[in-house]
Structures are given as structure tokens and as C-alpha cells.
Amino acid sequence: MNYYSLNRKAPNITFSEAVVRGLAPDKGLYFPESITPLEPSFFETIEGKSNTKIAFEAIKQFIVPEIPEDVLKTIVEETLNFDFPVVEINENISTLELFHGPTMAFKDVGARFMARCLGYFNKTNTNDVTVLVATSGDTGGAVANGFLSVKGVNVVILYPSGKVSDIQEKQLTTLGQNITALEVDGVFDDCQDMVKRAFMDVELTSKMQLTSANSINIARWLPQLFYFLFTYKQLKSKHKDIAFSVPSGNFGNICAGMVAQKLGLPVKQFIAANNTNDTVVNYMTTQSYEPKPSVQTISNAMDVGNPSNFIRIQELHNNNFEALKANLCSFSYTDEETKTALLELYKDYDYVADPHGAVGYLGAKEYLKNSDAHVVFLETAHPTKFLGVVEDVIEQTIPLPPQIEAVMDKEKVAISVSSYDELKRFLLR
Ligand SMILES: *Cc1c(COP(=O)(O)O)cnc(C)c1O
């Protein structure tokens, strides 16, 4: 399978090239040249298939033969060695829990999959690849963990000193091996600026292979389509239409769901649930796309003012606004509404959500005002990842899950960095 740039000013390239590059030379996002629907029998028999078989069959058209079938099978098995349960909230709403991976964030799947693809391509390459990431907290841990001990890949994570939670800091700074944490004297934007500068620094990029690990990268983006198939497998026997409410930031996750739909998955509606960063909500009413600076909220993994994957969503709908409007609705919620939803889930349904899941729940409820579908909201992080907010709202302490407990006892190792020149010196050491 070849991939083209959505800016259409760069040559088409193979899967491996697209994974190593991340972004096309014309700054466009890569997109598969074709998406061929799976056989109807795939969906007719889905409840009898293992998750790894579903995942392998769904993604292989995008990856084989660049990665041979047997290697891809192993990658899928290693990536998916935990559960993806659908939990019923009430008669009309369920949640898909995506937090059972090693760092309890849904990004575990994309990060683990991409790391293994890159590791495979790097077997024949004598030069290491360096993955450079800036994190405001949650994403960094998933990336670091996903790439841990993958040969030929070094990961350098920049995080703002004192601005991430204790749990998040431990997840970033205690891994060792090929993972290095740089504690930046500054805020998240400073980390992000340093990373961007590094990618544009010719002196640096001529000496080392730098890559990023966000959902712009097809190997991190595409495997997210598995979640929607796993949901269908669990809910098919209900014989009801299924709609998905997806807490969205860069819109990578929801866009992967739309790829699953193109593969033949029956989806009644996609609901983009947003916090006050409402660029897409506005677009869906005005048809005018106006990116804005991000606003800080309690669901901070969705604090994005210019969602990078929205262009892929438009492409999937042939850049036809009416087609998009029929398939996607979107809503935005304040922090106050999010907290009220957290409390409601706890009080009425005995369910402890995290702030991102709570936004998804609000989107589900809103959609149900005019629909009799069954709505599944994606719970994208375990509540302990946002302990301060959640414990405050429900007035209960949440026991730490074993994955988190294990990391809290380990010793933090981080290198302090206060300027771009220090970062560069570190990278060139
Ligand atoms: C990254 C993230 C999101 C947003 O996902 P996108 O694919 O960027 O839309 C939502 N919730 C959590 C917890 C996240 O980490």
C-alpha cells in the first residue's frame, strides 16, 4: 500500500517511508491510496474471532507486504495483550474502557504498534532513530512505555518541570534503558517549541534520524481503528444501531473509527465530544474552519485548538460537507459540565470516569435526545491519571491500580534542560 500527502505536493511513498518520515516533505499528512472494505463474512463471524485476529485482518491491507504477514501477526499480538471491555452504563449507553494497557491511556495501543513497526524497519539500519516528544503529561508515558527496549530506537521526552502530576512524572522518568526524560524549566509550550526547532535544525537532522510519535504518524493513527471493531464484537448481539461518542483532541481516534466504518463496520453516527476547545463544533455549524490557540481545561489531553487529523476526516468524506455532516455531529462542554457529569456517573451508575470519558458521556446523552441508537463513549484514560480532579468531585479516594503502584516506588531519573542549546548538546552528545 502506498500513501499520498494530503497537500498533494510530495511523491507517494511506501508504509515504511511514511512511518519513518511522519509528515510529508510538503508538510501534509499521509493518507492510504485506497481503503478496501472487508468481506461481509468478516463482520458476520466477528464474535467468534480473537481480538488479534480481528486486528490483523483489518489492518493488513495497509501494511503487508512492507511488513511480512508473520511479523505483523506478532506485532499485533504484542500490542494487544490486554483487555478492551465494553461496560454498560444504562440501557442506552455503554463505555469502551481503553485504559487497561501498561500506562492506562488509550495511546498505549498506537504507541506500542508504532514502536514495533519502527523497530522492524530499523533491523536492517545501522543508524538509530531518535523519537523526540513533548508532553503535557499523559501522552509521554504511553509513548515512552510503548518504545521501551525496542532496539535501534531511542526516545527523548521533554516535559515541563512541576507541571505534570506525580503519577505522570513517575511514568516518564523511571523507565531507563532507551528512554531519557528531560525536565524542562518552562511550560508545555516551551517543550513543544524546542521539539519543533529540533525538527527544523538542519545541523541536527543531517547528523541524526529524528522522528515524532504523535497521531500524525500513520503507524500510531491506524491501529486505533481496532477499538471500534472490538466494540462491535461485544455489542453485536444487542441488534441495535451503534453510535460512538469520542472525546476528541487531535481527532486521531475518531478518524480511525471512520476508517473502520469504511472497512464496513456499521456505525450509525460519530459524535465528537469536545471540551471548550471547540474549533470543530464551530466548523460543523458555520462551515468555516478557524483554528485558535488552545484553552486549558481539566480534560487537558484534548486542549487542542487546531486538530491535526481533521483534514483526514474531510478526505474520508471526499471533502463533501453534507456527507460529513450526516456522519459526524459534535458538541462542546465546559469544565463545570464535565464535573457534573463525573458526579452523575458516580452517583447514578456507580461508575468512576475520568474527565475525558465524562465529556464523552455528555456527548452520548446529547445525541440520545434525538436517537434510539445505543451510544458507546470511549473512556480514554483511567481516572487515577487525573486523580486530583476526580477525587475532588466524587469525594472518594481511588485505589491505585497495580500498574501505577509499581511505578510509584521507582526512582525518578531526569536531566534538567533550560534552553534549546542544552537540548541540542544533549542530542549530539
Ligand atoms: C490523546 C487523548 C485524547 C484525544 O485523542 P485524539 O485522538 O487526539 O482526538 C482524549 N483523551 C485522552 C485521555 C487522551 O490522552
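Residues numbered from 1 in each chain as written. Predicted model: local features only at pLDDT ≥ 70, side-chain atom pairs only at ≥ 80, totals over all residues. Heavy atoms only, no water.

(A) Structural detail: the packing of helix 3 (residues 51-63) against helix 4 (residues 69-79). Packing of helix 3 against helix 4 brings their axes to within 10 Å, and their N-to-C directions diverge by 130 degrees. Relative to helix 4, the element helix 3 lies oblique. As for the relative orientation of helix 3 and helix 4, their crossing is right-handed in sense. From helix 3, T52, A55, F56, I59, K60 and I63 reach across to helix 4, where they touch E69, L72, K73, V76 and E77. For the contact of helix 3 with helix 4, a count of residues per class yields six nonpolar, one polar and four charged. (Axes fitted to C-alpha atoms, helices over the stretch in contact; angles between N-to-C directions. Helix = DSSP H or I, 4+ residues; strand = E, 2+ residues; numbered from the N terminus. Parallel < 35°, antiparallel > 145°, perpendicular 65-115°, else oblique. Left-handed = near helix turned anticlockwise from the far one by under 90°. Contact = heavy atoms within 4.5 Å. Nonpolar A, V, L, I, M, F, W, Y, C, P; charged D, E, K, R; others polar.)

(B) Inspection of a negative patch on the surface at higher detail. Taken together, the side chains of D185, D189, D190 and D193 make up a negatively charged region of the molecular surface. Tracing the sequence through the fold places D190 in helix 8 (residues 188-200). D190 gets classed as partly exposed once you look at its relative accessible area, which sits at 33%. (Patch = residues over 30% accessible without salt bridge, like charges linked within 9 Å, V, L, I, M, F, W, Y side chains within 5 Å. Areas by Shrake-Rupley, 256 points an atom, 1.4 Å probe, with all protein chains shown as cover. Salt bridge = Lys/Arg side-chain N within 4 Å of Asp/Glu carboxyl O. Lys, Arg positive; Asp, Glu negative; His and termini not counted. Charge placed at Lys NZ, Arg CZ, Asp CG, Glu CD. Buried < 20%, exposed > 50% of the residue type's maximum accessible area, 1.4 Å probe, protein only.)

(C) Main features of helix 11 (residues 226-235). Judged by how many residues are buried, helix 11 sits mostly within the fold: eight of 10 residues are covered. Among the residues making up helix 11, those that are buried are F226, Y227, F228, L229, F230, T231, Y232 and L235.

(D) Expanded view of the pattern of salt bridges. Applying the stated criterion across every chain, the model contains 14 salt bridges. Note that D241 is salt-bridged to K268, the shortest N-O span being 3.8 Å. Residue D241 is found in the loop between helix 11 and strand 10 (242-247), and its partner K268 is found in the loop between helix 12 (252-262) and strand 11 (269-274); the two are separated by 27 residues along the sequence. For D241, a relative accessible area of 42% puts it in the partly exposed group.

(E) The site of the ligand, seen in detail. The full set close to the ligand counts 15 residues, and K107, G249, N250, F251 and T380 are the nearest of them. Between G249 and the ligand, the recorded distance is 2.8 Å, taken from a backbone N or O atom to an oxygen atom. Between the ligand and the protein, one listed contact pairs an oxygen atom with a backbone N or O atom of G252 at 3.2 Å. For the ligand, whose unbound accessible area comes to 380 Å², protein coverage reaches 97%. Per-class residue counts for the shell around the ligand are six nonpolar, seven polar and two charged. (Near = heavy atom within 4 Å. Polar contact = N/O pair within 3.5 Å; in protein donor to acceptor, adjacent residues only side chain to side chain.)

(F) Broad picture of the layout of surface pockets. Taken as a whole, the second largest pocket spans an internal volume of roughly 280 Å³. For the second largest pocket, the lining is made up of 13 residues, of which R116, G119, Y120, K123 and V150 are closest to its centre. When contributions to the lining of the second largest pocket are tallied by element, the ones reaching two or more residues are helix 4 and helix 5 (107-121). The greatest single-element share of the lining of the second largest pocket, amounting to four residues, is contributed by helix 4. Its residues assigned to classes, the lining of the second largest pocket shows four nonpolar, five polar and four charged. (1 Å grid on protein atoms, 1.4 Å probe; cavity = no way out; pocket = protein on both sides within 12 Å on 5 of 7 lines; lining within 4 Å. Points joined across faces, edges and corners; volume = space filled by probe spheres on them.)

(G) Structural context of the nonpolar core. Judged by nonpolar contacts, the single largest core of 98 residues is most densely connected at F15, F62, F147, L225, L229 and F244. If we ignore the near neighbours within four places in the chain, the residues touching F244 are F228, T231, L265, V267, Q269, F270, I271, V376 and L378. By size, the runner-up hydrophobic cluster in this structure holds 32 residues, among which are A341, L342, Y367 and F377. (Core = buried A, V, L, I, M, F, W, Y, C linked by side-chain atoms within 4.5 Å.)

(H) Molecular detail of the sheet that holds strand 7 (residues 153-160). Spatially, five strands are ordered 9-6-7-8-14 in an open sheet, and the strand pairing comes out parallel. Lying at the two open borders of the sheet, with one neighbouring strand each, are strand 9 (209-211) and strand 14 (415-417). Ignoring strand direction, the axes of neighbouring strands in this sheet form an average angle of 30 degrees. Judged from the six bridges that link them, strand 7 and strand 8 (residues 179-184) form a sheet pairing that is parallel. Note that in strand 8 the partner of P160 across the bridge is V184. Against the sheet, helix 8 engages strand 6 (129-134), strand 7, strand 8, strand 9 and strand 14, with an angle of about 150 degrees to strand 6. (Pairing = 2+ DSSP bridges.)

(I) Structural detail: empty space enclosed by the protein. Under the defined criterion, the tally for this structure stands at one cavity of 30 Å³ or more. What the largest cavity holds in volume is close to 30 Å³. Split by residue class, the lining of the largest cavity holds five nonpolar, five polar and no charged.

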